[in-house]
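Understanding the architecture of this molecule
Listed below are the residues making up each chain.
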Amino acid sequence: GESVGLHLPTLSVQEGDNSIINCAYSNSASDYFIWYKQESGKGPQFIIDIRSNMDKRQGQRVTVLLNKTVKHLSLQIAATQPGDSAVYFCAESPRTGAGSYQLTFGKGTKLSVIP
Amino acid sequence: DAGVTQSPTHLIKTRGQQVTLRCSPKSGHDTVSWYQQALGQGPQFIFQYYEEEERQRGNFPDRFSGHQFPNYSSELNVNALLLGDSALYLCASSEEKLAGIYNEQFFGPGTRLTVL
């Protein structure tokens, strides 16, 4: 399959360890932040989101942290598994009057899990 | 329940030609957005269609146009293709809910366009 991981920052972690992927955003007006996972040959897959009035949200094995002061977003993956290997993108969504907002994506980080 | 589907999977065109890409949204979804993803980059928003009209548009030239049909499916058209238009074109669908609530966008697998 095609690779979307060329020229991307890479994070290599041992299976079972925790992973932390970071993202800096630029728009102070952004209201929603979303993490997507993209495997080779596939479209981005929603992982977890967080609204700007929160600073932490937990899902199954994943936690998103939002620091609005420094415009920083992070994704923590607990007990990383080989199936977590993919490119991870953060995306931000501005406040608009419409219900479905356009997404602005970051550059992405390639996560490689070492068995 | 089928997710978002796109056709074709791959496409090769030459400079100056025109191309049409197609997208069928997830069942129950009425909003379609198109994104361009260059190799090694994050997706970039092209435009969004709702109620058969373009509602939002990113920073793309008029060579990029689209259409949404009454069954909510959508087409992306690109005229006068340039080498730089080579990319993965992603379609995302969502369901319009109350304004002010973020509606999760579900992405299709994309169409890989190569311009020679």
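Here goes a summary of the coordinates provided. Predicted, not measured: the structure shown is a model, and the values here were computed from it.

Conventions used here
Residues numbered from 1 in each chain as written. Chains lettered and ligands numbered in written order. Predicted model: local features only at pLDDT ≥ 70, side-chain atom pairs only at ≥ 80, totals over all residues. Heavy atoms only, no water. Helix = DSSP H or I, 4+ residues; strand = E, 2+ residues; numbered from the N terminus. Buried < 20%, exposed > 50% of the residue type's maximum accessible area, 1.4 Å probe, protein only. Contact = heavy atoms within 4.5 Å. Rg over C-alpha atoms; globule rule 2.2 N^0.38 Å.

1. Focus: the overall build of chain A
A count of helical and extended segments in chain A gives zero helices and ten strands. In chain A, the order of α-helices and β-strands from amino to carboxyl end is β-β-β-β-β-β-β-β-β-β. Across the 115 residues of chain A, 45% fall into the buried class. Counting contacts in chain A only where the partners sit at least 6 residues apart, residues at least 24 apart contribute 56% of the total.

2. Thoughts on the overall build of chain B
On a plain count of helices and strands, chain B comes out with zero helices and eleven strands. In sequence order, the secondary structure elements of chain B are arranged as β-β-β-β-β-β-β-β-β-β-β. By the compact-globule yardstick of 13 Å for 116 residues, chain B fits well, its C-alpha radius of gyration being 14 Å. Expressed as lengths along the three principal axes of its C-alpha atoms, the size of chain B is roughly 45 × 30 × 30 Å.

3. What to know about the environment of Ile 12 of chain B
All names here are of chain B. Turning to its location among the elements, Ile 12 is positioned in strand E2 (residues 10-13). Spatially, the C-alpha atom of Ile 12 lies 8.4 Å from that of Arg 112, the residues being 100 residues apart in sequence. Sequence-distant contacts of Ile 12, defined by excluding residues within four places in its chain, comprise Thr 114 and Leu 116.

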